[in-house]
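Observations on the three-dimensional arrangement
Below are the chains, spelled out letter by letter.
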Amino acid sequence: MSQFLEISGLCAQIDADGQKKQILRGVDLSIPPGEVHVIMGPNGSGKSTLSYVLAGREEYEVTAGTATFHGQDLLAMEPEERAAAGLFLAFQSPIELPGVNNANFLRTAVNAVRRARGQDELDAVAFLKMAREAAKALSMAPDMLKRNVNVGFSGGEKKRNEVLQMTLLQPTFAILDETDSGLDVDALRIVAEGVNRLRAPTFSALVITHHQKLLDYLVPDRIHVMARGRIILSGGPELARQIDQEGYTKFLAEVA
Amino acid sequence: MPAVTQTREAVEKLGQSTYKWGFETDIEMDMAPKGLNEDIIRLISSRKEEPEWMLEWRLAAYKTWQAMEEPKWAKVAFPPIDYQDAHYYAAPRKKPGPRSLDEVDPELLRTYEKLGIPLHEQALLAGVEVPEGERMPVAVDAVFDSVSVATTFRKTLEEAGVIFCPISEAVREHPDLVRKYLGTVVPAGDNFFSALNSAVFTDGSFVYVPKGVRCPMELSTYFRINAKNTGQFERTLIVVEEGGSVSYLEGCTAPMRDENQLHAAVVELVAMDDASIKYSTVQNWYPGDENGRGGIYNFVTKRGACRGARSKISWTQVETGSAITWKYPSCILQGEGSVGEFYSVAVTNNHQQADTGTKMIHLGRNTRSTIIAKTISAGRSDSTYRGLVRVQPKASGARNFTQCDSLLIGDQCGAHTVPYIESRNMHARIEHEATTSKISEDQLFYCRQRGLSEEDAVGLIVNGFCRDVLKELPMEFAVEAQKLLQISLEGSVG
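Treat the numbers as computed from the prediction; the structure is a model and nothing was measured.

1. Description of the UniProt feature "domain: ABC transporter" (unreviewed entry) in chain A
- This chain's UniProt record puts "domain: ABC transporter" (unreviewed entry) on residues 5–253 of chain A.
- The span residues 5–253 of chain A is 38% helix and 27% strand, and its two end C-alpha atoms sit 29 Å from each other.

2. Regarding helix α3 (residues 102–116) of chain A
- Taking 1.5 Å per residue, 15 residues should reach 21 Å; α3 of chain A reaches 21 Å between its end C-alpha atoms and fits that length.
- Residues Asn-102, Ala-103, Phe-105, Leu-106, Ala-109, Val-110, Asn-111, Ala-112, Val-113 and Arg-114 of chain A constitute the buried set of α3 of chain A.
- Along its buried surface, α3 of chain A packs onto α2 (79–85), α4 (124–137) and α5 (155–169) of chain A together with α10 (441–449) and α11 (454–465) of chain B.
- The N-capping residue of α3 of chain A, defined by a side-chain oxygen 3.0 Å from the backbone nitrogen of Ala-103 of chain A, is Asn-101 of chain A.
- The first or second residue beyond α3 of chain A is Gly-118 of chain A, which carries a positive phi of 75°.

3. Remarks on the packing of aromatic side chains
- On inspection of all chains with the given rule, the structure shows 27 aromatic pairs over all chains.
- Their ring planes at 55° and their centres at 5.7 Å tell us that Phe-91 of chain A and Phe-445 of chain B sit as a pair that is tilted. Highlighted residues: Phe-91 of chain A in the loop between β6 (87–90) and α3 and Phe-445 of chain B in helix α10, drawn from two different chains.
- What makes Phe-91 of chain A buried here is its relative accessible area of 3%.
- Measuring from ring centre to ring centre gives 5.5 Å for Tyr-88 of chain B and Phe-233 of chain B, while their planes differ by 20°; the resulting arrangement is stacked. With Tyr-88 of chain B in the loop between α3 (52–66) and β2 (90–92) and Phe-233 of chain B in the loop between β7 (218–224) and β8 (235–240), this residue pair connects regions lying 145 residues apart in the sequence.

4. Topic: the interface of chain B and chain A
- Taken together, the contact between chain B and chain A spans 19 residues of the former and 34 residues of the latter.
- Buried area between chain B and chain A, both sides added, is near 2100 Å², and the carbon and sulfur share of it is 61%.
- In terms of surface lost to chain A, no three residues of chain B exceed Phe-445, Tyr-446 and Arg-450 of chain B, which account for 37% of the buried area on that side.
- The tally of links between chain B and chain A comes to five salt bridges.
- Of the charged contacts in the structure, one is a salt bridge between Glu-162 of chain A and Arg-450 of chain B, with a shortest N-O distance of 2.6 Å.
- Put simply, chain B and chain A have 13 residue pairs in polar contact (both at pLDDT 80 or more) between them.
- Counting residues per element, the side of chain B that touches chain A draws most heavily on α10 of chain B, at eight residues.
- Residues of the side of chain B that touches chain A, tallied by class, amount to seven nonpolar, five polar and seven charged.

5. Considering the sheet that holds strand β3 (residues 36–40) of chain A
Residue and element names in this part refer to chain A.
- The strand order across the open sheet built from six strands is β6-β7-β8-β3-β9-β10, with neighbouring strands paired in mixed fashion. A single partner strand is all that each edge strand has here, and the edge strands are β6 and β10 (230–235). Pairwise comparison of adjacent strand axes, ignoring direction, gives a mean angle of 20° for this sheet.
- Bridge analysis of strand β7 (residues 173–177) against strand β8 (residues 204–208) gives five bridges, and the strand direction is parallel. For Ala-174, the partnering residue across the bridge sits in β8 and is Ala-205.
- α5 contacts β6 and β7 of the sheet and is inclined by roughly 170° relative to β6.

6. Focus on unusual backbone geometry
Residue and element names in this part refer to chain B.
- Within the chain, Glu-49 stands out as a residue other than glycine whose phi angle is a positive 50°.
- By the element assignment, Glu-49 lies in the loop between α2 (38–47) and α3.
- Phi is positive for Asn-366, close to 55°, though the residue is something other than glycine.
- Checked against the element boundaries, Asn-366 lands in the loop between β18 (353–362) and β19 (368–377).

7. Quick word on the nonpolar core
- Formed by 120 residues in total, the largest nonpolar core has its most connected members in Leu-50 of chain A together with Ile-376 and Val-462 of chain B.
- A total of seven residues in this core trace back to one element, the largest contributor, which is helix α6 (residues 185–198) of chain A.
- Discounting chain neighbours no more than four positions away, the residues touching Ile-376 of chain B are Val-345, Ala-346, Val-347, Thr-348, Leu-407, Ile-409, Val-462, Phe-465, Cys-466 and Leu-489 of chain B.
- Leu-36, Met-54, Val-270 and Tyr-328 of chain B belong to the second-largest nonpolar core, a separate cluster that totals 51 residues.

8. Side note on the pattern of salt bridges
- In the structure shown here, the tally under the stated rule is 33 salt bridges over all chains.
- When the shortest N-O distance is used, the salt bridge between Glu-422 of chain B and Arg-390 of chain B registers 2.7 Å. With Glu-422 of chain B in strand β22 (residues 414–423) and Arg-390 of chain B in strand β20 (residues 382–391), this pair connects stretches of sequence that are 32 residues apart.
- Look at Glu-422 of chain B and you get partly exposed, because its relative accessible area is 25%.
- Lys-471 of chain B serves as the salt-bridge partner of Asp-468 of chain B, at 3.9 Å between the closest nitrogen and oxygen.
- Relative accessible area serves as the criterion here: at 53%, Lys-471 of chain B is assigned to the exposed category.
- If you follow the salt bridges from partner to partner, you end up with Glu-58, Glu-78 and Glu-80 of chain A together with Arg-448 and Glu-454 of chain B in one network.

9. A few points about the packing of α10 of chain B against α11 of chain B
Residue and element names in this part refer to chain B.
- Direction vectors running N to C along α10 and α11 enclose 120°, while the axes themselves pass 9 Å from each other. Between α10 and α11, the interaxial angle falls into the category oblique. Between α10 and α11 lies a crossing of right-handed hand. Along the contact surface, α10 presents Gln-443, Leu-444, Cys-447 and Arg-448, while α11 presents Glu-454, Ala-457, Val-458, Leu-460 and Ile-461.
- Here the residues of the contact of α10 with α11 are counted per class, giving six nonpolar, one polar and two charged.

10. Quick word on the pairing of β18 of chain B
Residues and elements named next belong to chain B.
- Counted residue by residue, β18 has nine buried out of ten residues, so it is predominantly covered.
- Summarising the sheet, strand β15 (residues 324–327) and β18 pair through four bridges and their orientation is parallel. Following the sheet pairing, Ile-324 is matched in β18 by Gln-353.
- Relative to β18, strand β16 (residues 330–333) runs parallel, the two being bridged by four bridges. Of the residues in β18, the one forming a bridge with Ile-332 is Ile-361.
- Relative to β20, β18 is paired through ten bridges, and the arrangement is parallel. Bridging from a neighbouring strand, Met-360 pairs with Val-389 of β20.

11. Things to note about the UniProt feature "domain: SUF system FeS cluster assembly SufBD N-terminal" (unreviewed entry) in chain B
- Cross-referencing UniProt, the feature "domain: SUF system FeS cluster assembly SufBD N-terminal" (unreviewed entry) maps to residues 157–215 of chain B in the present numbering.
- Secondary structure content for residues 157–215 of chain B is 46% helix and 15% strand, while the C-alpha to C-alpha distance between its ends is 7 Å.

12. So, the packing of α3 of chain A against α5 of chain A
Residues and elements named next belong to chain A.
- Where α3 contacts α5, the axes come no closer than 10 Å and their chain directions differ by 35°. Between α3 and α5 lies a crossing whose hand is right-handed. On α5, the residues that touch Asn-102, Phe-105, Leu-106, Ala-109, Val-110 and Val-113 of α3 are Asn-161, Leu-164, Gln-165, Leu-168 and Leu-169.
- Partitioning the contact of α3 with α5 into residue classes produces eight nonpolar, three polar and no charged.

Thresholds applied
Residues numbered from 1 in each chain as written. Chains lettered and ligands numbered in written order. Predicted model: local features only at pLDDT ≥ 70, side-chain atom pairs only at ≥ 80, totals over all residues. Heavy atoms only, no water. UniProt positions renumbered as here; feature names shortened; annotations may be inferred. Helix = DSSP H or I, 4+ residues; strand = E, 2+ residues; numbered from the N terminus. Expected span 1.5 Å × (residues − 1). Buried < 20%, exposed > 50% of the residue type's maximum accessible area, 1.4 Å probe, protein only. Contact = heavy atoms within 4.5 Å. Polar contact = N/O pair within 3.5 Å; in protein donor to acceptor, adjacent residues only side chain to side chain. Phe/Tyr/Trp six-rings, centres within 6.5 Å; stacked < 30°, edge-to-face > 60°. Buried area = accessible area lost by both parts, 1.4 Å probe. Salt bridge = Lys/Arg side-chain N within 4 Å of Asp/Glu carboxyl O. Nonpolar A, V, L, I, M, F, W, Y, C, P; charged D, E, K, R; others polar. Pairing = 2+ DSSP bridges. Axes fitted to C-alpha atoms, helices over the stretch in contact; angles between N-to-C directions. Core = buried A, V, L, I, M, F, W, Y, C linked by side-chain atoms within 4.5 Å. Parallel < 35°, antiparallel > 145°, perpendicular 65-115°, else oblique. Left-handed = near helix turned anticlockwise from the far one by under 90°.

Next up, the structure:
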């Protein structure tokens, strides 16, 4: 048992049109520090729900199980406390904030987590310097910092903006929910490099993806297959290639 | 930038409680007995040492008012106001006209200090010249209850030929100018509250910018209602002659109390050829407690006349306070090619009610107007945008663009948009856009996932929503306004 991220028997439901709908049905997952794990699985298997539950989205009700992060009870924390503790979620569909300047948003967020982590806040000059460098490394146009958060961004720009936020917030655990979807090959490489730059013995990531392509750049340590609200199979990097070639059907049949 | 910092700090302190500016200042008061009649009006006029014509004008307005009824068309509800149960005159007792800081009642200065008004900066009050290269100074004409106590930066303004003084002083010192313009934009009988104001107004500001003069500093008045049970009836008159320009800031706070306080101001603006007036308001009067008790009734008539060709009047307001707001800053676009603008943010929370908007009356050819109104409702509050755009037959080529956006927080508040559009000219172009939205759970969660507290997230989203309006405010006000928006909405989510 590592003391990094431990998920055990996690069950969660959502209220859909007045009906309780069970989505997670006992997820067990352990991620040690310094590793990149991948979750694959058919649509509707609960991958995004798992990421939302870990990040603290209130619409999901946890009905059983535990999740600890650095030994702390993750499920008892507010979303912003989880962020301060080092958890970051790159959204599958990043949210637009009309009228909110991207740089201002980033600085507010960075200083909020720095405050919570007992670090000094960054002044505007120091922050902008850092943000510009990070944006440049992600091949983002300089004006992206001046635009409103995600408003009018292309799909690729939104995803890069997520990686930019991740870079600046310096999480110890990042969940990337289909950050590769809708990206062309070049963008995919840039995003993967962004994640790779964060890799360290103290940083782990949980990558949700459908595609082997991202994994060519982002060499994972473990692959998990999720179906019907559970992790049904785990293996090494070769498992992703196998799924890429053969699809999920075979694996689903095996557990059924 | 000491003024900015101090204002900010003061506002930040405000954020630590629901309404910290609710204190009373213990200053000797000179107060008229309760009630309203001709004798009271004569008393006001004599205390102000007014000329006979001014008294006659007041009495005529009083007669008009007696024949009028309180308007009922606004979407606000409140118990009947007993106009005989209020004091119509209250003045801090003072030595004859303070000439320096030392002469100003120290208790009063402490009040301003609590408010964080930049006025309390000794250097600024004393009129010390600001070294070149520093930010443009702000002149403050402080209205404490009904009497202007200290006016700063007189000298610099005098050198430029700008008159900026309490209106009661203007009535005495510049009677011809006041008589020429007073009541020409908002006639005494315009509405119930303007008639009341015309009869009993006790103070306010007068600004006169002569031909070709750009006012060298932003002019600022801080209003504050202080004495128990005194309604405050300011009268502001701003006249800018050909080619002149002025930016005027108005901001207010009021101490906390249980009884409703009536406030009925009248503001008149006159812009001649190529003149421009920018009038900015941040209004933060006591809105009542969480159950809607107490709070200011704010029934204001504000109107600007673009008399000259290519003249421009721009209203920007951030309304976060008052129990009831009834306010429609308007522009009469008479001069050919004149421009009227209205930028507004109205925030209501708890049990506040606001019925606010603007009127753009296009009389001249090629006149243009822009209306951007942002309404934010939270708690159990109710907010209405009511706006009139009227294009008269001679206003060929007139253009208007209106955008009304409402943001709802929670599910017990209301937002209403009531546009009146009247075009009597075939060649006018009028556009109206309106949206209503809620702060989405997605947006809140997104911000919180990035480490922001829920209230910071709401503040950020709301400020984003209001950006188009806030950017019209002078820098110092914009900072204060952003904080105020967030403070006003504290506790409105979750």
